[in-house]
Amino acid sequence: MTNQGTVHFIGAGPGAADLITVRGRDLLAACPVCLYPGSLTPTDLLAHCPEGARTVDTASLTLDEIIAELVAASERGHDVARLCSGDPAVYSAVAEQMRRLDAAGVPYEVTPGVPAFSAAAATLGRELTVPTVGQSLVITRAQARSTSMPEGETLAGFAATGATLALHLAIGRIEQVVDELLPHYGADCPVAVVANASQPTERVVRGTLGEIVGLVREADITRAATIFVGRVLAAESFPDSFLYSADRERSTQPRSL
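The shown structure was predicted, so the numbers you read here are calculated from the model rather than taken from an experiment. (Residues numbered from 1 in each chain as written. Predicted model: local features only at pLDDT ≥ 70, side-chain atom pairs only at ≥ 80, totals over all residues. Heavy atoms only, no water.)

Caption draft 1: Region of interest: the layout of surface pockets. As a volume, the largest pocket reaches approximately 1,200 Å³. Taken together, 42 residues make up the lining of the largest pocket; nearest its centre are L40, S85, Y91, S92 and L169. Those elements that place two or more of their residues in the lining of the largest pocket are α2 (63–75), β4 (80–84), α3 (94–104), α4 (116–124) and β10 (225–229). Take the lining of the largest pocket: its biggest share by element is four residues, from α3. (1 Å grid on protein atoms, 1.4 Å probe; cavity = no way out; pocket = protein on both sides within 12 Å on 5 of 7 lines; lining within 4 Å. Points joined across faces, edges and corners; volume = space filled by probe spheres on them. Helix = DSSP H or I, 4+ residues; strand = E, 2+ residues; numbered from the N terminus.)

Quick look at the structure:
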C-alpha cells in the first residue's frame, strides 16, 4: 500500500498540558488526525493540533471502533496522533491496538510520556529509590472484576519483598489493598495517595497503612489516584549515594559536548 499514514502512540503525560514531551507536542502538531481519551487527557493539548484537524474522543468508543478510525486515516495517507494518558508503556491498552494494527498492516511508532506515578512522586517531593531504605519500585494494581492478574502477581507476593509499591487502578479497593499489605509492612508503614497528579484538581493524602483507609474515605478520593506504600516516603536518616561520593574514582578525561 502506498502513501500509508503512520499511527503515533503519544504519551500525553499525567494531566498537566505542559508535561507532554517536545517530541510528542511536535508530532501532535503535524498530524491531521488525533484520537484522544477525553476523560483522561487535558483538552488543552488539542490546541497543538493543526487547524482543521479531525479530533476524535475515544472515551465512548470500543476497541474495534478505535481501530477502524486508525486504519481509515492511515489508508487515506494521514498520520494519526493517538494520545495515551501518562506513558504508553504502562496501563495504556496500547498492546492490543498494536496487535490489531500489525494484522491490518498499518505502521506505528511510540513516543513515551511522563507516567502518573512519576508526576505523583514529584508532587510528594520524594525520590522513590533511597540508599539502604528502598532500591526497588513495583508498579502494579489491585485485582479487579475486569482483567485478572497473572498467576503469581499478587500484592502479598510483592509486599513480601519489602519493595516500595506504586499502585494504579486500586483506590476503589483501598480496604483490600490494606488487608493484603498490613502483615508485610506493618500498620506504621508510610502511605501516600496522590489524586489527579499535576492537575488543578490534584489532592494528596498522607498517613500510615493503619489509618489510610479512613483518610481516603474522608477525602472522598475514588478515582485517578496513585497509592504509594513504603518506608522511602518518610526516610530521613540514610547514607548519601555513592554517585557523588568523594571516594568514587572519577575519570580525568574531559567530556565532549
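Caption draft 2: Layout of helix α1 (residues 22–30). Every buried residue of α1 is accounted for by G24, L27 and L28. Down the axis, α1 shows its buried residues gathered within 100° of arc, on one side only. Looking at α1, the residues exposed on the side facing more than 90 degrees away from the buried face are V22, R23 and A30. In this structure, the buried side of α1 is in contact with β1 (7–11), β2 (33–36), β4 and β5 (108–111). (Buried < 20%, exposed > 50% of the residue type's maximum accessible area, 1.4 Å probe, protein only. Arc of directions from axis to C-beta. Contact = heavy atoms within 4.5 Å.)

Caption draft 3: Local environment of the packing of aromatic side chains. Scanning the entire structure with this criterion turns up one aromatic pair. Consider the rings of F9 and Y108, whose centres lie 6.0 Å apart with planes at 75°: the pair is edge-to-face. Of this pair, F9 sits in strand β1 while Y108 sits in strand β5; the two residues are 99 residues apart in sequence, bridging distant segments of the chain. Since its relative accessible area comes to 25%, Y108 is described here as partly exposed. (Phe/Tyr/Trp six-rings, centres within 6.5 Å; stacked < 30°, edge-to-face > 60°.)

Caption draft 4: Spatial organisation of the pattern of salt bridges. The full count for this structure, using the stated rule, is five salt bridges. The partner of D64 in a salt bridge is R100, with the nearest N and O atoms 2.5 Å apart. With D64 in helix α2 and R100 in helix α3, this pair connects stretches of sequence that are 36 residues apart. R217 is paired through a salt bridge with E175; the nearest N and O atoms lie 3.0 Å apart. Of this pair, R217 sits in helix α7 (residues 212–219) while E175 is found in helix α6 (residues 174–185), placing the two residues 42 residues apart along the sequence. (Salt bridge = Lys/Arg side-chain N within 4 Å of Asp/Glu carboxyl O.)

Caption draft 5: Layout of the nonpolar core. Core analysis: the biggest nonpolar cluster contains 26 residues, and L181, V193, I227 and V229 have the highest contact counts within it. Among the elements of the structure, α5 (155–159), β7 (164–168), α6, β8 (190–195), α7 and β10 are those that each provide at least two residues to this core. Top contributing element to this core by residue count: α6, with five residues. Filtering out sequence-adjacent residues up to four positions away, I227 remains in contact with L165, A166, L167, A170, I171, I174, V191, A192 and V193. Counting residues in hydrophobic clusters, the runner-up holds 16 residues, among them V7, L35, V94 and L101. (Core = buried A, V, L, I, M, F, W, Y, C linked by side-chain atoms within 4.5 Å.)

Caption draft 6: Local environment of α4. Among the residues of α4, those classed as buried are F117, A119, A120, A121 and L124. The secondary structure elements touched by the buried residues of α4 are β6 (137–141), β7, β8, β9 (203–208) and β10. Backbone geometry just downstream of α4 places G125 in the positive-phi region, at approximately 70°.

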